[in-house]
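# Analysis of the macromolecular model
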Amino acid sequence: DAIPRIKAFLTDTEVIYEANMALGFCYANSDDFENATKFYSQALEKAKDEEERSVVASHYSSSLYRNSKKEDAIKVLVDALSTATEDSNKVKLYESLADIYEKENDHENRAFVLDKAVELKPNDASLIFKVGYSYAESDYDELSLLHYKNAQDINPNDESVQNIPVKKAVNAAPTPSTPTT
């Protein structure tokens, strides 16, 4: 009932982006990723600004991925990143790309793209923690520990850095010795 009512708005140029987004969302939530990608693709074409393009690119790539089109999903995000100028939009796109790598258990690439996001948002303890976790999963223990420690230093009250194994790892880490003279 809702879908035909929303489709009626596809002829209204004032709200065509929003109608396509709503339809993409409806179909994605119904696990109909073929139709979801169709409407997200149209929303991407109708996006009025960079923020709208970033939002729809994230949803579009997610539906492509869930429709077994991983390469297309990555391409949508990389294309959006190549034109993004606002740091907040780039961070959102990097996080969407990291989500794909996480689903693929590709922790090295996840760490790499999240590190790119941290360059743009260096005081986000939660984001830094995610990078540390990805490095830990990739057996880059020193990089992992560095990120966990940085996340803890930035926001010691953040729930993610209160993780017991992380606290133990950070507290057990050797500290650089002070040279004696």
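Residues numbered from 1 in each chain as written. Predicted model: local features only at pLDDT ≥ 70, side-chain atom pairs only at ≥ 80, totals over all residues. Heavy atoms only, no water.

## Topic: the overall build of the chain
Within the chain, the secondary structure is distributed over ten helices and zero strands. N-terminal to C-terminal, the α/β element order of the chain is α-α-α-α-α-α-α-α-α-α. Each of the 181 residues in the chain was classed as buried or not, and the buried ones make up 40%. Surface exposure of the chain reaches about 10,600 Å², of which carbon and sulfur atoms provide 49%. (Helix = DSSP H or I, 4+ residues; strand = E, 2+ residues; numbered from the N terminus. Buried < 20%, exposed > 50% of the residue type's maximum accessible area, 1.4 Å probe, protein only. Areas by Shrake-Rupley, 256 points an atom, 1.4 Å probe, with all protein chains shown as cover.)

## Digging into the packing of aromatic side chains
Evaluation of the coordinates by the stated rule reveals one aromatic pair. Geometrically, the ring pair formed by Y27 and F39 is stacked, given 5.6 Å between the ring centres and 5° between the ring planes. Linking Y27 in helix α2 (residues 16-29) with F39 in helix α3 (residues 33-46), this pair joins segments that are twelve residues apart in sequence. By relative accessible area, Y27 is classed as buried at 12%. (Phe/Tyr/Trp six-rings, centres within 6.5 Å; stacked < 30°, edge-to-face > 60°.)

## Points about a nonpolar patch on the surface
Together, Y140, L143 and L146 make up a nonpolar patch on the protein surface, roughly 260 Å² of accessible area in all. For L143, the location among the structural elements is in helix α9 (residues 141-154). (Patch = residues over 30% accessible without salt bridge, like charges linked within 9 Å, V, L, I, M, F, W, Y side chains within 5 Å. Salt bridge = Lys/Arg side-chain N within 4 Å of Asp/Glu carboxyl O.)

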